Amino acid sequence: MAILGSNIIQNNGSGSGNVPQTNRARTYRTGNTTLSLREGQVLKGVVSDVHGNKITLDLGEGASFTGELEDASNYSIGQKAGFRVAGLEDNRIVLKAYGDNYLLGMDDTVDQALEEAGLPKTDRNLDIVQSLLENGRSISKESIMNAIKLTAKFPTAEPSTIITMDRLNMAMTETSVKQFEQYKNSSHQLLYKMDSLTDSIGDMLTSIGEKVPRLASQVGTELIRLALDAAPSLEESTLMHERTLPGDVEVPTFFDAEGNPIPTETLLELEGEGIILAGADGKPVPLEDALKMLADAGVETQAANGATEAAEGELTAAGLTEDEAAAVSSAEEETAEASGEGTFSRMRNLFSNLSDSAAGAIRSAVAKSGMAEDFRTPFIHEQVGYSLSPEERESFASLLKDYPISDELKKAVADGTATNRELLTELQKQLPKMSDELSGKLIASRAFQAVVKSQFTSNWTLSPEEMKEDGAMQRVYDKMSQQFGALEHFSETALGKDLFQELSGTAKDMSQNLDFMKTLNEAFQYIQLPIKLQNQNAHGDLYVMTRKDNLRKNPNKLKAVLHLEMDHLGTLDIHITRENTAVTAAFYTDKQETEALFSRNMDMLRDAINEQGFAFQGTMNPKEKDVDIVKDFLSSEAPVGDMKRYSFDLRA
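Residues numbered from 1 in each chain as written. Predicted model: local features only at pLDDT ≥ 70, side-chain atom pairs only at ≥ 80, totals over all residues. Heavy atoms only, no water.

### Points about the overall build of the protein
Working step 1: Of regular secondary structure, the protein possesses 25 helices and 16 strands.
Working step 2: The buried share among the 652 residues of the protein stands at 46%.
Working step 3: Residue pairs at least 24 apart in sequence account for 61% of intrachain contacts in the protein once pairs closer than 6 positions are excluded.
Working step 4: On the protein, roughly 32400 Å² of surface is accessible, and the fraction owed to carbon and sulfur atoms is 48%. (Helix = DSSP H or I, 4+ residues; strand = E, 2+ residues; numbered from the N terminus. Buried < 20%, exposed > 50% of the residue type's maximum accessible area, 1.4 Å probe, protein only. Contact = heavy atoms within 4.5 Å. Areas by Shrake-Rupley, 256 points an atom, 1.4 Å probe, with all protein chains shown as cover.)

Following this line, the structure appears as structure tokens:
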């Protein structure tokens, strides 16, 4: 009978001497090896599987056995450990821990697993076993062989991607695997892909303008139409409102399908998706856009009051008093929040309250520090002055002298006060009237392309103020999805065939990115935040670490990580825990200047937030690692606050 003397120590129960002969040996067959076990015997090996209270120990040379251990869950796959045989009854092997447990190095564990399985130590096999360990999977021969077969279906993907997706029960296609790898490797940021997409648009416009100017008018007009197919941002609406003198605001009129004007009061009471009206120019206007245009004209309060009164009126008609109706409405909102549907809304409200109370303090601190002092601009993102430098505006204004647009608009372009929307709207009207030479020269100009790029980017980003609005994130993602899809087929639509594969491919990848994010959110609560700050655009990731089932049990307790990447402050991770009105925030930064700035002003931030009714505690810490969507978010309920790399722990 083959017994591995190097791994098996026979003793009398005290750790030395021989096992009493009265203990009858039992024989167990494992693979091609026979094991003879006695009660009191001590065995050492590598844990190859843990399932409930059962633990499998590899003894080397193909020998292994599975026993029962009360605290089996305390052990990790790949861990080297010793056990005493406590009982051998009814074909059960009962074990107890023996001696100090220790960990093999990752390389040793992987090598030993492949040797035991009789498999070659190729780079891919090594990666597969390592990925199994990292995902808490068994490293038995059967498990390794199954993983090899699974990863062979996607030969260009990293084994860790396939094994992690399999653990998470995620559907695997070429597209989903590609997107998962982008998320795992932190190459998923929509904001940075927006630059690639708009650069591709610029390349297309340059090629057409210089090589086939006869198509410039058609392509330019269609592209502007697509860029303007979005409601003005909050900042743009505010700017346009400020430009209009009191009493000069014209309330827009909308018409039904028969051309009859719709009274404003009736319009405010309309509800439902997909309602299309007609504007004064006869063009279709979605109800949502019509209501926003009315709000811009100063009837926003009327709309809000009308909706509230209508909702409470329905409840009152059902036999409830006004107070009871209001209470029911509040209860319904709380139910939606507790179900998980309102989680992002809760986090948005929390961030809004914190940012509102702390905004003045932070602005004051940044101003005193001198950071970003040279980067301030008097223009909003939607103005030509933000899109173009003074020199570029001067050059563009000179180019526009030959174009049929008003002198007033040309002057506003030169001084930067014109909005991108104002300029593009006028050019859209005039392009069909231009000669091929003029239209080709226009769309090939760098300034025109920068304005178009800025308009698209504005459509796909949100300012902190806009993020406070209900449904704002959903609206911007819907707009992204619509416009990414349109740009994917733009060349084919505008020119009759797909001439620009780069534009089409980038837009397709971004559409797939959005679709994959929806897939992630079926189980996990995560969203990208393309943020429009005063002087820059910033990428953000919001990870709601509280799982949906836990949120249902305790809707007033949330954990979240906000990951931001900014030009001047660098990378910043904010770990926030809220329980009722108690809020704890831990800030992590990789930039010493940012750490010093926050540390100096943490008391000011704390006082400002406490004044809003929160019990706030904040700490500033050096950033030691990035938020890892696989290890920290998808794998478990990640702890908030500790950003150090986890120790080598292989449990599922």
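### Some points on the pattern of salt bridges
Oppositely charged side chains can form a pair if their charged atoms are brought close together.
Working step 1: Tallied over the entire structure, the rule returns 17 salt bridges.
Working step 2: Linking aspartate 166 and arginine 137 is a salt bridge whose minimum nitrogen-to-oxygen distance equals 3.3 Å. Of this pair, aspartate 166 sits in helix α4 (residues 159–167) while arginine 137 sits in the loop between α2 (123–134) and α3 (141–152); the two residues are 29 residues apart in sequence, bridging distant segments of the chain.
Working step 3: The exposure class assigned to aspartate 166 is partly exposed, which follows from its relative accessible area of 29%.
Working step 4: In this structure arginine 137 comes out as partly exposed when scored by relative accessible area, which is 28%.
Working step 5: One salt-bridge network, held together by shared partners, links Lys54, Glu68 and Arg92. (Salt bridge = Lys/Arg side-chain N within 4 Å of Asp/Glu carboxyl O.)

### Observations regarding helix α18 (residues 446–459)
Working step 1: Over its 14 residues, α18 extends 20 Å from the first C-alpha to the last, a length consistent with the 20 Å expected when each residue adds 1.5 Å.
Working step 2: For α18, the buried fraction is high: 12 of the 14 residues fall into the buried class.
Working step 3: Within the sequence span of α18, burial applies to Ala447, Phe448, Gln449, Ala450, Val451, Val452, Ser454, Gln455, Phe456, Thr457, Ser458 and Asn459. (Expected span 1.5 Å × (residues − 1).)

### Overview of the packing of aromatic side chains
Working step 1: What the rule picks out here adds up to 5 aromatic pairs.
Working step 2: Residues tyrosine 75 and phenylalanine 83 carry aromatic rings whose centres are separated by 5.2 Å and whose planes lie at 55 degrees to one another, so their mutual orientation is tilted.
Working step 3: Accessibility expressed as a relative area gives 0% for phenylalanine 83, which makes it buried.
Working step 4: Geometrically, the ring pair formed by phenylalanine 587 and phenylalanine 598 is tilted, given 5.3 Å between the ring centres and 35 degrees between the ring planes. Highlighted residues: phenylalanine 587 in strand β15 (residues 582–589) and phenylalanine 598 in helix α24 (residues 592–610), separated in sequence by 11 residues. Taken as a pair, phenylalanine 587 and phenylalanine 598 share a single burial class, namely buried.
Working step 5: Ring pairs connect the aromatic residues Phe456, Trp460 and Phe484, which therefore count as one cluster. (Phe/Tyr/Trp six-rings, centres within 6.5 Å; stacked < 30°, edge-to-face > 60°.)

### Digging into the sheet that holds strand β16 (residues 615–622)
Working step 1: Strand order in the open sheet formed by 6 strands is β11-β12-β13-β14-β15-β16, with mixed pairing between adjacent strands. In this open sheet, the two strands that pair with only one neighbour each are β11 (525–532) and β16. On average, each strand axis in the sheet is tilted by 15 degrees relative to the strand beside it, whichever way the strands run.
Working step 2: As paired strands, β11 and strand β12 (residues 537–544) are joined by 8 bridges and run antiparallel to one another. Looking across to β12, one finds that glutamine 528 is bridged to aspartate 541. (Pairing = 2+ DSSP bridges. Axes fitted to C-alpha atoms, helices over the stretch in contact; angles between N-to-C directions.)

### Some thoughts on the pairing of strand β13 (residues 557–566)
Working step 1: Extensive coverage of β13 is indicated by the burial of 7 of its 10 residues.
Working step 2: As defined by bridge partners, β12 adjoins β13 across 6 bridges and the pair is classed as antiparallel. Paired with valine 544 across the strands is alanine 560, a residue of β13.
Working step 3: Across 10 bridges, the pairing between β13 and strand β14 (residues 570–579) is antiparallel. Across the sheet, leucine 564 pairs through a bridge with leucine 572, a residue of β14.
Working step 4: Counting the residues in the hairpin turn of β13 and β14 gives 3 residues.

### Re the side chain of histidine 563
Working step 1: Mapped onto the secondary structure, histidine 563 falls in strand β13.
Working step 2: The class for histidine 563 is buried, based on a relative accessible area of 6%.
Working step 3: Only 3.0 Å separates the side chain of histidine 563 from the side chain of glutamate 565, close enough to count as a polar contact. (Polar contact = N/O pair within 3.5 Å; in protein donor to acceptor, adjacent residues only side chain to side chain.)

### Regarding the nonpolar core
Working step 1: One finds Phe396, Leu423, Phe448, Leu487 and Phe587 to be the most contacted residues of the largest nonpolar core, which totals 94 residues.
Working step 2: Here the element with the most residues in this core is helix α6 (residues 190–211); it accounts for 8 residues.
Working step 3: Residues within four places of leucine 487 in sequence aside, it is in contact with Leu197, Ile201, Leu223, Leu226, Phe456, Trp460, Leu503 and Ala507.
Working step 4: Listed in part, the 19 residues of the second largest apolar core include Leu43, Ala72, Ala81 and Val85. (Core = buried A, V, L, I, M, F, W, Y, C linked by side-chain atoms within 4.5 Å.)

### Focus: the side chain of serine 176
Working step 1: Mapped onto the elements of the fold, serine 176 is located in helix α5 (residues 174–184).
Working step 2: In this structure serine 176 comes out as buried when scored by relative accessible area, which is 12%.
Working step 3: Looking at serine 176, its side chain comes within polar contact range of the main-chain oxygen of alanine 171, at 3.0 Å.
Working step 4: Ignoring any residue separated from it by four or fewer positions in sequence, one finds serine 176 in contact with Met165, Ala171 and Phe516.

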